[in-house]
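Next come the chains, spelled out residue by residue.
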Amino acid sequence: PLGTCDCGNDYESCNCDDCNRVLEEWLYEYDKQIRAEVIDDFVKEICKMIVQSESNGNYRFYAVEIKQAIADLAERLKEQKK
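As a starting point, this report considers the structure included with it. Because the structure is a prediction, the values reported are computed rather than measured.

Re the overall build of the protein
Looking only at helices and strands, the protein features 2 helices and 0 strands. Counting across all 82 residues of the protein, residues that qualify as buried make up 18%. Put simply, of all contacts in the protein between residues at least 6 apart along the chain, 32% involve residues at least 24 apart. As displayed, the protein has an accessible area near 6700 Å², and 53% of this comes from carbon and sulfur atoms.

Have a look at this one:
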């Protein structure tokens, strides 16, 4: 994290509290961004499934697909928290 401390030019080996704090903030924000993108993609896919089920009348099949998609998303979000 350039300019966050007096580490000099050796940023790759720096392990000071200031640099570690900034790195943690960056990683937290990145994680939030990725999580938001996954949720947005999920919502788009679910909406597409609902429209498709309405157009062809096969509600039971798509209900199962939607239920599985929700379960898959829940697992992915749990894995990201680890």
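Focus: helix α1 (residues 17-56)
When the terminal C-alpha atoms of α1 are compared, their 58 Å separation across 40 residues agrees well with the 58 Å that a helix rising 1.5 Å per residue should span. Following α1 by one or two positions, Gly57 adopts a phi angle in the positive range, close to 75°.

Conventions we followed
Residues numbered from 1 in each chain as written. Predicted model: local features only at pLDDT ≥ 70, side-chain atom pairs only at ≥ 80, totals over all residues. Heavy atoms only, no water. Helix = DSSP H or I, 4+ residues; strand = E, 2+ residues; numbered from the N terminus. Buried < 20%, exposed > 50% of the residue type's maximum accessible area, 1.4 Å probe, protein only. Contact = heavy atoms within 4.5 Å. Areas by Shrake-Rupley, 256 points an atom, 1.4 Å probe, with all protein chains shown as cover. Expected span 1.5 Å × (residues − 1).

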